[in-house]
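Summary of structural features
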Amino acid sequence: MTVHLYLSLMPEALIASMLSPEEFGAYYAVGTEKKSSGQAIFFEIDPKFRSKYFRIPEGIARCIPHEDGSAKSSIYISVYRVLEHIDNSVMGQLYLTTQDGRTLGLESTDVIPEMESGLHLYKEIAPVSPLVASRLNPLDFYDLIVKNPTSLVTLPAIAFTELRLGELAEDPEMGEVGDLPYKNMDHLRGVLKDLKTKPVATKMVDRASSSQIAYRTVKNGFFVGNGQKLLYYPMPEKETLRENNYRWWRSANM
C-alpha cells in the first residue's frame, strides 16, 4: 500500500498514513471509538521529502497494514515545530475537512488575490491560532509576522486565512453585521474602531480563539509562508462549491 505524508495544521503534526486524503480526512475528523473528533486542515507532502528534523524513514517503516490486512491510519512522526521545517516546495494540495468527515482539496496558485482596502480579520491556524484584526492586507500581514517584524513577536512560518468582515471592514461602528457568526461582536467592533483611530497595524481580537473555522466565513483562501515563499490556496466561490462540491458545502454549513 502507498504511504502518504500529511502535515496537519489542527493540531500541527507530521503523519504517515496508508489512507488517501479523503479517507484520512474522514478518519481524522470523525475518528474512531478511541479517537477524538473535529474539523481537520492538512497538506499532502511530497512522499520523497526528507529532513534532518524528522525521523521520516522510521515513521514510514512503522506504517504497515494491520494483521487483518486493513490500512494503517496514522503514524505520528512529529508534533512540534513541524510547519517551520517543511519547505513550501514539497507541499501539495491543501485539504479542508468538515466535522462529519467531508474533504475538499484546494490547489495552490501563483495568482495572489487583489489587495482590498479597509480592515481585515485574520485567523492564524499554525503554529499559533489567535484571531487578529489588522489594517494590513494579507501580503503585508505575512511580511510583518514572518519577514520584517516590528515588535518582539515573530514566527518562522505561518498558516492563516482571512475571514469576512462585510460592512465592518469599512465601517466598524455602524456597519451591518449581516450573517457574520462571530462571538462578542461589540468587542470586535471596538478593536476594529481602534485600528481606524490609532497608529497600530494589528490588534488581538481573541488570543485563545477556537481552532475551528466556519468555512463559509473564509473571504478568499488560505496562505502559508516560511519567509522564503508565500503559497496561496484560493477558496472556490460559494456558487462553485454548491454546484461541484455540494455534499462538502452542505456539511460545512451544518
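A short tour of the structure in this document, coming up. Since we're looking at a predicted model, the values are computed, not measured.

1. Let's talk about the environment of L195
Among the secondary structure elements, L195 is positioned in helix α4 (residues 185-197). A sequence separation of 62 residues divides L195 from A133, and the C-alpha atoms of the two residues are 8.1 Å apart.

2. What about the packing of aromatic side chains?
Within this structure, the stated rule accounts for 14 aromatic pairs. Residues F24 and Y28 carry aromatic rings whose centres are separated by 5.0 Å and whose planes lie at 20° to one another, so their mutual orientation is stacked. Remark: Y28 and F24 occur in helix α1 (residues 21-30); sequence separation between them is four residues, near one turn of the helix. The pair F24 / Y28 is uniform in exposure class, with both members buried. Taking 4.2 Å as the distance between ring centres and 15° as the angle between the ring planes, the aromatic pair formed by Y122 and F141 counts as stacked. Of this pair, Y122 sits in strand β7 (residues 120-126) while F141 sits in helix α3 (residues 138-147), and the two are 19 residues apart along the sequence. Judged by relative accessible area, Y122 falls into the buried class, the value being 0%. Taken together, the aromatic side chains of Y6, F24, Y27, Y28, F42 and Y95 make up a single cluster linked through ring pairs.

3. Some remarks on unusual backbone geometry
Note the cis peptide between M10 and P11, where omega equals 0°. Tracing the backbone through its elements, the reader meets P11 in the loop between β1 (4-9) and β2 (12-17). Residue A126 is joined to P127 through a cis peptide bond whose omega torsion reads 5°. Looking at where P127 falls in the secondary structure, it is placed in the loop between β7 and β8 (131-134). Its identity is not glycine, yet N184 carries a phi of approximately 55°, on the positive side.

4. Structural notes on the sheet that holds strand β3 (residues 40-45)
The sheet built from six strands is open, its strands ordered β4-β2-β1-β3-β5-β6 with antiparallel pairing. Each end of this open sheet is capped by a strand with a single partner; those strands are β4 (75-78) and β6 (103-106). Recorded for the sheet is a direction-independent mean angle of 30° between the axes of neighbouring strands. Here four bridges tie β1 to β3, and the two strands are oriented antiparallel to one another. Counted as the bridge partner of Y6 is E44 from β3.

5. Details of the sheet that holds strand β11 (residues 218-225)
Strand order in the open sheet formed by six strands is β10-β8-β7-β9-β11-β12, and the pairing between neighbours is antiparallel. With partners counted over all chains shown, the strands left at the sheet margins are β10 (202-206) and β12 (230-234), one partner each. The average undirected angle you get between the axes of adjacent strands in this sheet is 30°. Inspection of the sheet shows β7 paired to strand β9 (residues 158-163) by five bridges, in the antiparallel sense. Counted as the bridge partner of A126 is A159 from β9. With respect to the sheet, α4 is in contact with β7, β8 and β10, its orientation differing from that of β10 by roughly 175°.

6. What to know about a negative patch on the surface
Where like charges cluster on the molecular surface, the negative patch consists of E167, E170, D171 and E176. Structurally, E176 can be placed in the loop between β9 and α4.

7. Observations regarding the pattern of salt bridges
Close approach of charged atoms allows side chains with opposite charge to pair. Per the stated rule, a full pass over the model turns up 10 salt bridges. A salt bridge links K193 to E173; the nearest nitrogen and oxygen atoms lie 3.4 Å apart. Note that K193 is positioned in helix α4 and E173 in the loop between β9 and α4, a separation of 20 residues in sequence. Looking at K193, the relative accessible area reads 38%, which means it is partly exposed. Among the charged side chains, a salt-bridge network with shared partners connects R55, E58 and R62.

So, how was this worked out
- Residues numbered from 1 in each chain as written.
- Predicted model: local features only at pLDDT ≥ 70, side-chain atom pairs only at ≥ 80, totals over all residues.
- Heavy atoms only, no water.
- Helix = DSSP H or I, 4+ residues; strand = E, 2+ residues; numbered from the N terminus.
- Phe/Tyr/Trp six-rings, centres within 6.5 Å; stacked < 30°, edge-to-face > 60°.
- Buried < 20%, exposed > 50% of the residue type's maximum accessible area, 1.4 Å probe, protein only.
- Pairing = 2+ DSSP bridges.
- Axes fitted to C-alpha atoms, helices over the stretch in contact; angles between N-to-C directions.
- Contact = heavy atoms within 4.5 Å.
- Patch = residues over 30% accessible without salt bridge, like charges linked within 9 Å, V, L, I, M, F, W, Y side chains within 5 Å.
- Areas by Shrake-Rupley, 256 points an atom, 1.4 Å probe, with all protein chains shown as cover.
- Salt bridge = Lys/Arg side-chain N within 4 Å of Asp/Glu carboxyl O.
- Lys, Arg positive; Asp, Glu negative; His and termini not counted.
- Charge placed at Lys NZ, Arg CZ, Asp CG, Glu CD.

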